[in-house]
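Structural features, examined
Listed below are the residues making up each chain.
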Amino acid sequence: KIFLEKMPRQIHRLEELLRSSNFDWKELSAVRSGAAAPLNNFLNQHYTHLKPILLDFMDDLCKIRLWIVCLIPRVEDGDNKGVEIQHEVIDVCNEGLSSLDSLYRYYFRYNIERAKILGKKEKYGESSKANIETAVIEYDEATYVILLSL
């Protein structure tokens, strides 16, 4: 059921989201507009849409991995045909989980790093304000590109 119904539906949902007018390379100007704010609402809105999809994919991969692990016969049973393939599928699931987890955690790290950069504006004052704002804009744009690269 996961393979035939749920995952194709999730992939279609993700494709629709990424093809929508909100997820467009031309929207970098909207990313720049939130540079001085403590929270870039544009990026936050996009991540809010992506987060449940990421969590659903992670949950599905965990279920698939557990299902395959339960199907692996014990060594003493003697029927070990196809076990290598099962282990390869488990490895692929683990790689997918690792990728999804790193993307899921990336936004958390992004917010922490962005806060550090904006905190430097307070520390160094007006003399470095333009450089710090440029750094925030570049960081926001890089994050937007990562979100688009799904």
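So, here's what we can say about the structure. (Residues numbered from 1 in each chain as written. Predicted model: local features only at pLDDT ≥ 70, side-chain atom pairs only at ≥ 80, totals over all residues. Heavy atoms only, no water.)

Take the environment of Val-83 next. Mapped onto the elements of the fold, Val-83 is located in helix H4 (residues 83-124). For Val-83, a relative accessible area of 11% translates into the label buried. Among all residues touching Val-83, those that are not within four sequence positions of it are Ile-72 and Pro-73. (Helix = DSSP H or I, 4+ residues; strand = E, 2+ residues; numbered from the N terminus. Buried < 20%, exposed > 50% of the residue type's maximum accessible area, 1.4 Å probe, protein only. Contact = heavy atoms within 4.5 Å.)

Right, let's get into the nonpolar core. With 25 residues, the main nonpolar core has Leu-43, Phe-57, Leu-61 and Leu-100 as its most contacted residues. Residue assignment for this core shows that the elements contributing at least two residues are helix H1 (2-19), helix H3 (41-71), H4 and helix H5 (129-148). With near-sequence residues (within four places) excluded, Leu-61 lies in contact with Met-7, Cys-93, Gly-96, Leu-97 and Leu-100. (Core = buried A, V, L, I, M, F, W, Y, C linked by side-chain atoms within 4.5 Å.)

What follows concerns the packing of H4 against H5. Relative orientation of the contacting elements H4 and H5 amounts to 170 degrees, with a least axis distance of 9 Å. Accordingly, the angle class assigned to the pair H4 and H5 is roughly antiparallel. Where H4 approaches H5, its residues Leu-103, Tyr-106, Arg-109, Tyr-110, Glu-113, Arg-114, Ile-117, Leu-118, Lys-120 and Lys-121 are matched on the opposing element by Lys-129, Ile-132, Glu-133, Ala-135, Val-136, Tyr-139, Asp-140, Thr-143 and Ile-146. (Axes fitted to C-alpha atoms, helices over the stretch in contact; angles between N-to-C directions. Parallel < 35°, antiparallel > 145°, perpendicular 65-115°, else oblique.)

This part is about H4. For H4, with 42 residues, the first-to-last C-alpha span of 60 Å sits near the 62 Å given by 1.5 Å per residue. The largest bend along H4 measures about 25 degrees and falls at Tyr-106. Two residues or fewer past H4, Gly-125 is found with a positive phi of approximately 75 degrees. (Expected span 1.5 Å × (residues − 1). Bend = angle between axes of the 7 residues up to and from the residue.)

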